[in-house]
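What follows is the residue order along each chain.
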Amino acid sequence: MREIHIDQVIACVEKLCMDANYYLNEDIYRAIEEAGNREKSEIGKMVLANLRENADIAKNEKMAICQDTGMTVVFLEVGQDVHVTGGSLNDAVNEGVRRGYKKGNLRCAVVKHPITRQNTQDNTPAVIHTQIVPGDRILIQLAPKGFGSENMSALAMLKPSDGSEGVMDFIVKTVSEAGPNPCPPVIVGVGIGGTMEKAALLSKKALLRPIGSCSDDPLAANMEKELVERINTLGIGPAGIGGSITTLAVHIDIFPTHIAGLPVAVNIGCHATRHASAILP
Amino acid sequence: MIKQITAPLTHETIAGLKAGDMVEISGVIYTARDAAHKRMMDLVISNQPLPFNIREQIIYYVGPCPAPEGKVIGSAGPTTSGRMDKYTPKLIEMGLTGMIGKGQRSDEVISAMKQYGAVYFGAVGGAAALISKCIISQEVIAFADLGTEAVRKMVVNRFPVIVVIDQYGNNLYDSGRKKYRVKELNHD
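Residues numbered from 1 in each chain as written. Chains lettered and ligands numbered in written order. Predicted model: local features only at pLDDT ≥ 70, side-chain atom pairs only at ≥ 80, totals over all residues. Heavy atoms only, no water.

Engineer: Hey, could you run me through the overall build of chain B in this one?
Structural biologist: Helix and strand counts for chain B come out as 6 helices and 7 strands. What you see in chain B, going N to C, is helices and strands ordered as β-α-β-α-β-α-β-α-β-α-β-β-α. In terms of overall dimensions, chain B is globule-like: its C-alpha atoms have a radius of gyration of 16 Å, near the 16 Å expected for 188 residues. Taken over the C-alpha atoms alone, chain B extends approximately 50 × 40 × 35 Å along its principal axes. Burial analysis of chain B (188 residues in total) assigns 57% to the buried set. Considering only contacts within chain B whose residues lie at least 6 apart along the sequence, 62% involve residues at least 24 apart. (Helix = DSSP H or I, 4+ residues; strand = E, 2+ residues; numbered from the N terminus. Rg over C-alpha atoms; globule rule 2.2 N^0.38 Å. Buried < 20%, exposed > 50% of the residue type's maximum accessible area, 1.4 Å probe, protein only. Contact = heavy atoms within 4.5 Å.)

Right under this line is the structure:
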């Protein structure tokens, strides 16, 4: 049994909030650079160059890559041999978010009630997903999610007979209808299977996978390749003003499901799809 | 070629702007997004004046990050404009001539733009740190309690945007997409 004090969690989350918002992940930076070589539209190329310049400024001046610093999604993998001391783990995560957003000059965008909509002024609560895993460490993955892209996400409970074609049609349709809104070129997270909420969770987590990785499942890996090609025929392009690069990557995660169902969730990530992670202790 | 224009934005200026034009805006603009639009519409409904004279003005749909020490403002890129569509036709009717944001607009907004004369500029979504460099000064002029959603008066210098929808109804999102679409297989 290893003891981890909540102060460690707070400090870690505080830092991850700033890191995720300031530093565009290397794999994504490279993907944007590489997309610039393939983009056919001249204005599209310029937009992609702007995005890299923006990432450079954000990194060098410790500013947010995007003013929509998101609702903070936190995935915790807690080793079953860890004993958290000093208080509640969830409270610690929220305290870390509170401190990180304040110290980091990050925008507070969370409202307390979805109907009455009063800003909580500290970007809490975070959306926390906790999983108990073997071991004696805590993995924290933090993903600030902007709502330009979140609002364009969708879920469908398809029929088993719809098969892979039906699934791919739904994914392409979702990206097509999103058009310029989610800040393309997008990263598409897809969850197939499980139950309704399981599919949604898989799709969110799929966004955290490194660009260039492919699904462990051979069928899903093939679908990923085909979907990138199909989505890039849509013509939406960088910033949605027309171009040949609409997506940087499609990541599919799958899970067993019920004999009667084929749930599909599509979580669209913007061209920055920010995330940062750390392991405690 | 990049066109230089100044704000406030006259009808004479917007008459010469076409969808696809690359433009840099200098001068005074105002910020408002979801909550500020709702409040402005409440003012209009109760016959009270808006926080600024909207005639020939540009509204930038943005909720900026707080200013780090020594900076005018934090990151400040465009938000999705479509959420303001419900309120926009009335503001255009009242004299609004320019909007800066990202994403599609409704048919109602586009027809008001054509009827009264207004142009919709797209800024690059997610280029928020870069855009912040064009903002020379800013002050909150209304609804301070809304925090990031307050109405701000901003002075900008060479703010880079693209004309997405002009006052003739031409739409770069539609035409650009058509131009680069490879085949008709994807539900388009």
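Text resumes after the structure shown.
Engineer: Mind showing me how you'd approach the sheet that holds strand 2 (residues 71–79) of chain A here?
Structural biologist: The pairing of strands in a sheet happens through backbone hydrogen bonds and is either parallel or antiparallel. Residues and elements named next belong to chain A. Taken in spatial order, the 4 strands of this open sheet run 4-2-5-10, and their pairing is mixed. Each edge of the sheet is formed by a strand with only one pairing partner; in this case those strands are strand 4 (127–133) and strand 10 (276–280). This sheet shows a mean twist of 15° between the axes of neighbouring strands, independent of strand direction. Pairing of strand 2 with strand 5 (residues 138–145), which is carried by 8 bridges, proceeds in the antiparallel orientation. The partner of valine 73 across the bridge, within strand 5, is alanine 143. Contacting strand 2, strand 4 and strand 5, helix 4 (residues 89–103) runs over the sheet at an angle of about 140° to strand 2. Against the sheet, helix 7 (residues 196–206) makes contact with strand 2, strand 4 and strand 5, and its axis sits at roughly 95° relative to strand 2, the strand it touches most. (Pairing = 2+ DSSP bridges. Axes fitted to C-alpha atoms, helices over the stretch in contact; angles between N-to-C directions.)

Engineer: Explain the domain arrangement of chain A here, please?
Structural biologist: Residues and elements named next belong to chain A. Partitioning chain A into domains gives domain 1 (2–20 + 65–145) and domain 2 (148–269). Between the C-alpha centres of domain 1 and domain 2 there is a distance of 26 Å. Contact residues are listed per partner, giving 9 residues for domain 1 and 11 residues for domain 2. Across the domain 1 to domain 2 interface the summed buried area is about 690 Å²; carbon plus sulfur atoms make up 66%. Of all residues in domain 1, the largest losses of buried area upon contact with domain 2 belong to Phe75, Gln141 and Lys145, amounting jointly to 68% of the total for that side. Put simply, domain 1 and domain 2 have 2 salt bridges between them. (Domains from an automatic or database assignment. Buried area = accessible area lost by both parts, 1.4 Å probe. Salt bridge = Lys/Arg side-chain N within 4 Å of Asp/Glu carboxyl O.)

Engineer: Could you clarify how one ought to interpret the sheet that holds strand 7 (residues 186–194) of chain A in this entry?
Structural biologist: Residues and elements named next belong to chain A. Pairing in this open sheet of 4 strands is mixed, and the strands run 6-9-7-8 from one edge to the other. Edge positions in the sheet fall to strand 6 (154–158) and strand 8 (247–257), since each of these pairs with one other strand and no more. For this sheet, the mean inter-axis angle between neighbouring strands, taken without regard to orientation, is 15°. Pairing geometry for strand 6 and strand 9 (residues 262–269), over 5 bridges, is antiparallel. Paired with leucine 155 across the two strands is alanine 265, which belongs to strand 9. Contacts from helix 6 (residues 163–178) reach strand 6, strand 7 and strand 9, with the element oriented near 30° to strand 9. The sheet strands contacting helix 7 are strand 6, strand 7, strand 8 and strand 9, and the helix crosses strand 7 at an angle near 150°.

Engineer: In this structure, what is going on with empty space enclosed by the protein? I would like to understand it.
Structural biologist: Empty space among the atoms becomes apparent when a probe as large as a water molecule is rolled across them. All names here are of chain A. Scanning the entire structure with this criterion turns up 3 cavities of 30 Å³ or more. The greatest single-element share of the lining of the largest cavity, amounting to 3 residues, is contributed by strand 5. Residue composition of the lining of the largest cavity, by class: 5 nonpolar, 3 polar and 3 charged. Here the lining of the largest cavity spans two domains, and each of domain 1 (2–20 + 65–145) and domain 2 (148–269) adds at least three residues to it. (1 Å grid on protein atoms, 1.4 Å probe; cavity = no way out; pocket = protein on both sides within 12 Å on 5 of 7 lines; lining within 4 Å. Points joined across faces, edges and corners; volume = space filled by probe spheres on them. Nonpolar A, V, L, I, M, F, W, Y, C, P; charged D, E, K, R; others polar.)

Engineer: Teacher, can you tell me more about the environment of B:Leu96 here?
Structural biologist: All names here are of chain B. In this fold, leucine 96 is placed in the loop between helix 3 (88–93) and strand 4 (98–101). Separated by 77 residues in sequence, leucine 96 and tyrosine 173 place their C-alpha atoms 22 Å apart. Not counting residues within four places of it along the chain, the set of residues in contact with leucine 96 comprises Ile54, Gln57, Ile58, Ile59, Leu91, Gly117 and Ala118.

Engineer: Teacher, can you tell me more about the nonpolar core here?
Structural biologist: Membership of the largest hydrophobic core comes to 87 residues, with the highest contact counts inside it found for A:Leu248, B:Ile25, B:Ile29, B:Ile59, B:Ile100, B:Phe121 and B:Phe159. Counting residues per element, this core draws most heavily on strand 7 (residues 151–165) of chain B, at 9 residues. Other than its neighbours up to four places away in sequence, B:Ile29 contacts B:Ala7, B:Ile58, B:Tyr60, B:Ile100, B:Arg152, B:Lys153, B:Met154, B:Val156 and B:Phe159. Within the second largest apolar cluster, 30 residues are counted, among which are A:Leu16, A:Val74, A:Val97 and A:Cys108. (Core = buried A, V, L, I, M, F, W, Y, C linked by side-chain atoms within 4.5 Å.)

Engineer: Would you explain helix 2 (residues 26–38) of chain A in this entry?
Structural biologist: Along an α-helix, residues three or four positions apart point the same way, because every turn accommodates 3.6 residues. The terminal C-alpha atoms of helix 2 of chain A lie 19 Å apart, and with 13 residues this matches the ideal 18 Å at 1.5 Å per residue to within 8%. Every buried residue belonging to helix 2 of chain A is among A:Asp27, A:Ile28, A:Tyr29, A:Ala31, A:Ile32, A:Ala35 and A:Gly36, and all of these are buried. (Expected span 1.5 Å × (residues − 1).)

Engineer: I would appreciate a short explanation of the environment of A:Ile10 in the present structure.
Structural biologist: Among the structural elements, A:Ile10 can be located in helix 1 (residues 6–22). Sequence-distant contacts of A:Ile10, defined by excluding residues within four places in its chain, comprise A:Ala92, A:Glu95, A:Gly96 and A:Arg99.

Engineer: Help me out: how do you make sense of the pattern of salt bridges in this one?
Structural biologist: Should their charged atoms come close, side chains of opposite charge can pair. Residues and elements named next belong to chain A. Under the definition given, this model contains 29 salt bridges over all chains. The shortest N-O distance in the salt bridge between lysine 103 and glutamate 14 comes to 3.5 Å. Within this pair, whereas lysine 103 is found in helix 4, its partner glutamate 14 is found in helix 1, the two being separated by 89 residues in sequence. For lysine 103, a relative accessible area of 58% translates into the label exposed. Measuring nitrogen to oxygen at the nearest pair gives 3.4 Å for the salt bridge that ties aspartate 68 to arginine 107. Separated by 39 residues along the polypeptide, aspartate 68 in the loop between helix 3 (42–61) and strand 2 and arginine 107 in the loop between helix 4 and strand 4 bring together distant segments of the chain. Of the residues examined, aspartate 68 reaches a relative accessible area of 13% and is grouped as buried.

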